[in-house]
Amino acid sequence: MKRHLRFAGKCALFLCILYICVEFTFQILIPKLCYDEMLPTTLSYLNFYEMEEDTIDVLFMGSSLAATSYIPQELYDRYGITSYNLASEKQSPVISYYWLKEALRYQSPKVLILDCYYLFQNSDSILNSPEISIRRALDYMKWSPVKLEAVRTVCELDKSQSLSGYFLPNIRYHARWEELTENDFVLADMVEGYGLKGYAALSRQCGIENYVPFEEGASEEVTVMPQLLETWLDKICSLCEQEGIELILTNVPFPDADVGRFNTIRNYAQEHGLQFFDFNEKNLYEASGFTMSTDSYDGGHNNLWGAQKLTAYLGGILDSQYDFGGKSDEQWECTRDSYAGIQKDCELIHITNIDEYMEALRDDRYSVFLSAKGSYAVGLKDTTVQTMRETGFRVELQTDPSVEDFYCYYAVLSEGRLEEYIGYEENIYGGSIRGGQVPYDITGSGSIVIDGVERSLQGDGLNIVVYSNDKKKVLDSVCFNTSVEENTVSR
């Protein structure tokens, strides 16, 4: 009898170890969308599960347009409203519905703000979303009856997808062994340091100058909403009604917006007693203070400043209509600094004054690479050299334009350590940052190679590359042409 028990125990132990190994393999193979992607979807969804239960009053859902437009930390900082952004790339209303059901397992939101862009056909897929986008939204949802139902529904509607691909990720991602990166092994640490609660921050400006918002009533035409998509919008609406959640429909500014889509959603909202805010409508566009050329990243996704304006406008509506504002919650208090850092990162690429730029580099989150090229001393000012020294660089750069030959110069400032060289020889230095994780090679003649990729613009003057240690990516590559008096900047 004891022999059988020992044998059964060994078998159980073996199966437990086997399960752990298989599950670990699955988690390694599933792709991770972290800071090196436009949307850090993986971090967004995993961090959602870390939130204390029943602490979120507002949820945002929809496509990447929503993920880049609504900032939970901004909403909290301004109004004391606790929220989370569960939007994802090309999010089908089918996926929005199931993520709402999943969210309700942990939270009791009072308001759901749903982006309407993917309620109209934007893809050849029956779900209006390609498989890769659906996988990105479902891969990190916890297994439960909700996820099981979601996977079955997806596979029933889209016959090109299979249940086995979701239950056994190694079938779908078996080729990823050759593509594994650091993110695949340190995901837990990245989730712990993630503080944006689903928001995806973008910093560039699209520069579109000819955008003209439409006026309500300009036309009575309607754009047909596909029946399948309307059916799932109905399901979202019914679930919200059942759970006592106020559903608010929105459209963020985008150039191909038209009055037909506006009329369709407005009519739906009126029929169901919902609020609808379309920021492409002239009055609302102007009331929000949005400017397409400076507040949009690419004419669809909004940058930080555009997102702040839309969030502030909706926050004012929420604050005036509901009584859940004015809260103090440590989960949002402790991420204030993280959000402030994100704002600084976004602002960095818009600084054009070299002294202001050098001051902005006084940040332990950055690794800074600097390589001089050409006659950099001709227009180099003493104030710039002083600012550099205050930032942490030590060498007194050559600022005498009468000197025929200029010194070669490079510097690397990272995590409180400085590697700096000045001399008549070009010199090449190889090292690493982030504890040896990221190698680099730098020369005193303009080249800065990080992780095997040339990152310097290699222009005349001071070439600077800023690497974010937190996000594990290059934030900015800029050249200040100090070989001319104007110190012109290029990116």
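Residues numbered from 1 in each chain as written. Predicted model: local features only at pLDDT ≥ 70, side-chain atom pairs only at ≥ 80, totals over all residues. Heavy atoms only, no water.

Caption draft 1: Examining the overall build of the protein more closely. A tally of regular secondary structure across the protein gives 19 helices and 15 strands. A total of about 21,700 Å² of accessible surface is found on the protein, and carbon and sulfur atoms cover 49% of it. (Helix = DSSP H or I, 4+ residues; strand = E, 2+ residues; numbered from the N terminus. Areas by Shrake-Rupley, 256 points an atom, 1.4 Å probe, with all protein chains shown as cover.)

Caption draft 2: Quick look at the pattern of salt bridges. Summed over the entire model, instances satisfying the criterion amount to 20 salt bridges. A salt bridge links E415 to R417, with the shortest nitrogen-to-oxygen separation between them at 3.5 Å. The class of E415 is partly exposed, set by a relative accessible area of 41%. (Salt bridge = Lys/Arg side-chain N within 4 Å of Asp/Glu carboxyl O. Buried < 20%, exposed > 50% of the residue type's maximum accessible area, 1.4 Å probe, protein only.)

Caption draft 3: Expanded view of a nonpolar patch on the surface. On the surface, W143, L163, F167 and L168 cluster together to form a nonpolar patch covering roughly 360 Å² of accessible area. Position of L168 among the secondary structure elements: in the loop between helix 8 (163-167) and helix 9 (169-173). Under the relative-accessibility criterion, L168 is labelled partly exposed at 37%. (Patch = residues over 30% accessible without salt bridge, like charges linked within 9 Å, V, L, I, M, F, W, Y side chains within 5 Å.)

Caption draft 4: Main features of the packing of helix 4 (residues 72-79) against helix 15 (residues 304-321). Running from N to C, helix 4 and helix 15 cross one another at 50 degrees; their axes reach a closest spacing of 9 Å. When the axes of helix 4 and helix 15 are compared, the pair comes out oblique. Crossing angle aside, the handedness with which helix 4 passes helix 15 is right-handed. The residues of helix 15 that touch helix 4, namely those facing E74, L75, R78 and Y79, are Q308, T311, A312, G315, G316, L318 and D319. The residue inventory of the contact of helix 4 with helix 15, partitioned by class, reads 4 nonpolar, 4 polar and 3 charged. (Axes fitted to C-alpha atoms, helices over the stretch in contact; angles between N-to-C directions. Parallel < 35°, antiparallel > 145°, perpendicular 65-115°, else oblique. Left-handed = near helix turned anticlockwise from the far one by under 90°. Contact = heavy atoms within 4.5 Å. Nonpolar A, V, L, I, M, F, W, Y, C, P; charged D, E, K, R; others polar.)

Caption draft 5: Molecular detail of the nonpolar core. Membership of the largest hydrophobic core comes to 99 residues, with the highest contact counts inside it found for F48, L59, W99 and L249. Setting aside its immediate chain neighbours within four residues, L249 contacts L114, C116, L233, I265, Y268, A269, L274, Q275, F276 and F277. Formed by 29 residues, the second largest nonpolar core is a distinct cluster that contains A377, Y409, L413 and F480. (Core = buried A, V, L, I, M, F, W, Y, C linked by side-chain atoms within 4.5 Å.)

Caption draft 6: Seen up close, the pairing of strand 3 (residues 111-115). With 5 of 5 residues buried, strand 3 lies mostly within the body of the structure. Burial along strand 3 is two-sided: the face carrying V111, I113 and D115 and the face carrying L112 and L114 are both buried. As paired strands, strand 1 (residues 58-61) and strand 3 are joined by 4 bridges and run parallel to one another. Residue pairing in the sheet places V58 in a bridge with V111 of strand 3. Examined bridge by bridge, strand 3 and strand 4 (residues 246-251) share 5 bridges and lie parallel to one another. Bridge pairing links I113 to I248 in strand 4. (Pairing = 2+ DSSP bridges.)

Caption draft 7: Fine view of the environment of T82. When you line up the elements, T82 lands in the loop between helix 4 and strand 2 (83-85). Residue classification places T82 among the buried positions, given a relative accessible area of 0%. Sequence-wise, T82 and S328 are 246 residues apart; in three dimensions their C-alpha atoms are separated by 8.8 Å. Setting aside its immediate chain neighbours within four residues, T82 contacts T55, I56, D57, V58, Y76, K327, D329 and W332.

Caption draft 8: Broad picture of the packing of aromatic side chains. Inspection of the entire model under this criterion finds 25 aromatic pairs. Each ring, one from Y98 and one from W232, has its centre 5.7 Å from the other, and the planes form 45 degrees; the classification is tilted. Remark: W232 occurs in helix 11 (residues 227-243) and Y98 occurs in helix 5 (residues 93-103); sequence separation between them is 134 residues. Comparing Y98 with W232 shows no difference in burial state: the two are buried. Taken together, the ring pairs in this structure connect Y45, F48, Y49, Y84, W99 and Y106 into an aromatic cluster. Here the guanidinium or amino end of R135 rests over the ring plane of Y166, the centre of that ring lying 4.1 Å away. The residue whose ring lies beneath K235 is W232, and the NZ or CZ to ring-centre distance is 4.9 Å. (Phe/Tyr/Trp six-rings, centres within 6.5 Å; stacked < 30°, edge-to-face > 60°. Lys NZ or Arg CZ within 6 Å of the ring centre and 35° of its normal.)

Caption draft 9: Spotlight on the sheet that holds strand 4. Strand order in the open sheet made by the 5 strands is 2-1-3-4-5, with parallel pairing throughout. The sheet terminates laterally at strand 2 and strand 5 (275-278), the two strands that pair on one side only. Averaged over all adjacent pairs, the angle separating strand axes in this sheet is 20 degrees, with direction ignored. As paired strands, strand 4 and strand 5 are joined by 4 bridges and run parallel to one another. Following the sheet pairing, L249 is matched in strand 5 by F276. Where helix 5 meets the sheet, its contacts fall on strand 1 and strand 3, and the angle it forms with strand 1 comes to roughly 155 degrees. Set on the sheet, helix 15 makes contact with strand 1, strand 3, strand 4 and strand 5; between it and strand 5 the angle comes to about 160 degrees.

Caption draft 10: Broad picture of the pairing of strand 5. Where burial is concerned, the two faces of strand 5 agree: the one with Q275 and F277 and the one with F276 and D278 are both buried. After leaving strand 4, the chain enters helix 12 (residues 259-272) and then returns to the sheet as strand 5, a path that is right-handed. (Right-handed = clockwise from strand over helix to strand, strands pointing away.)

Caption draft 11: View of the state of the cysteines. Within this structure, the stated rule accounts for 0 disulfides. Of all cysteine sulfurs, the one in C237 lies closest to C240, which takes part in no disulfide; the gap is 6.9 Å. For C240, a relative accessible area of 1% gives the class buried. (Disulfide = S-S within 2.5 Å.)

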